[in-house]
Amino acid sequence: MTSPTSGPIGSSDAAKAAALAGAKGAEAKSKSLSDKDTFMKLLVAQLKYQDPTKPADSAAFLAQTAQFTQVEKLEDMISMLQSQRMIGASSLVGKTVTYMDDTGATQTGVITSAKLNGDSEPTLKVGNTDVQLSKVTEITQTA
């Protein structure tokens, strides 16, 4: 004997619900390559499990494809901006800077190197001290 249910749930409804839940979960994650892969897997699963008698709306499918393209292009832009940050920071090597140290005191020194750690702001090496670019208050040409 079967137990009563609140209503029939078809395989396409379950797939849509899973795809929707997965898409919302993917949006909450940080932007990374795995998110792009997850998005593509969800899109393929949605197509694979759709009801043949009720195919997906072509406008909705086109919108999802456009969203995927936007995600790819945004990742390309992030990569380009990181390169620009590094180019900007490296152009400061050899220049004299005035910056605020951890205690709030003003310090001055010559930048000997620049580095970029992941997607954080550039860090400048002034003597033996690492200084974030945002802490620099003045840049002058070294004599």
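These remarks concern the structure in this document.

Calculation notes
Every chain's residues receive numbers from 1 upward, in the order its sequence appears when written. Where local features are concerned, this predicted model is filtered to residues with pLDDT of at least 70; where side-chain atom pairs are given and counted, the filter is 80 or more; whole-chain, interface and lining totals use all residues. Just so you know, side-chain values use all the structure's heavy atoms and leave hydrogens and water out. Starting at the N terminus, helices and strands are each numbered in turn, a helix being any DSSP run of H or I of at least four residues and a strand any DSSP run of E of at least two. For every residue, the accessible area obtained with a 1.4 Å probe (protein chains only) is divided by the maximum for its type, and the residue is called buried under 20%, exposed over 50%, and partly exposed between those limits. We call two residues in contact when some of their heavy atoms are within 4.5 Å. Only buried Ala, Val, Leu, Ile, Met, Phe, Trp, Tyr and Cys residues count toward a nonpolar core, and they belong to the same one when joined by side-chain atoms within 4.5 Å. By definition, two strands form a pair when at least two bridges between them are found by DSSP. Angles run from 0 to 180 degrees between N-to-C directions of axes, and those axes are lines fitted to C-alpha atoms, restricted for helices to the stretch in contact. Here, a salt bridge means any side-chain nitrogen of Lys or Arg that lies within 4 Å of a carboxyl oxygen of Asp or Glu.

Before going further, it helps to spend a moment on the overall build of the protein chain. Scanning the protein chain from N- to C-terminus turns up three helices and five strands. Mapped in sequence order, the helices and strands of the protein chain form the string α-α-α-β-β-β-β-β. In the protein chain, buried positions account for 16% of the 143 residues. For the protein chain, restricting intrachain contacts to residue pairs at least 6 apart in sequence, the fraction spanning at least 24 positions comes to 46%.

The next subject is the nonpolar core. Grouped together as the largest cluster of nonpolar side chains are 10 residues: Ala89, Leu92, Val97, Tyr99, Ile111, Ala114, Leu124, Val126, Val131 and Val136. Among the elements of the structure, strand S1 (96-100), strand S2 (106-115) and strand S3 (123-126) are those that each provide at least two residues to this core. Once you skip the residues sitting within four places of it in the chain, valine 136 turns out to touch Val97, Thr98, Tyr99, Leu124 and Val131.

Let's shift gears to the sheet that holds S3. Strand order across the open sheet formed by five strands is S4-S3-S2-S1-S5, with antiparallel pairing between neighbours. Unpaired on one side and paired on the other, strand S4 (129-132) and strand S5 (136-140) mark the two borders of the sheet. Adjacent strand axes in the sheet meet at a mean angle of 45 degrees when their direction is disregarded. Sheet analysis places S3 next to S4, joined by four bridges and oriented antiparallel. Directly across from leucine 124, in S4, lies its bridge partner valine 131.

Before going further, it helps to examine the pairing of S2. In the sheet, S1 pairs with S2 via five bridges, with the strands oriented antiparallel. Note on S2: the bridge partner recorded for valine 97 is glycine 109. Where S1 folds back onto S2 in an antiparallel hairpin, the turn is made up of five residues, including glycine 104, whose phi is positive at roughly 95 degrees. As paired strands, S2 and S3 are joined by four bridges and run antiparallel to one another. Looking at S3, one finds that alanine 114 is bridged to leucine 124.

This brings us to the pattern of salt bridges. In the structure shown here, the tally under the stated rule is two salt bridges. Here aspartate 130 makes a salt bridge to lysine 125, at a shortest N to O gap of 3.5 Å. Assessed through its relative accessible area of 27%, lysine 125 is described here as partly exposed. One network of salt bridges, in which partners are shared, links Lys115, Lys125 and Asp130.

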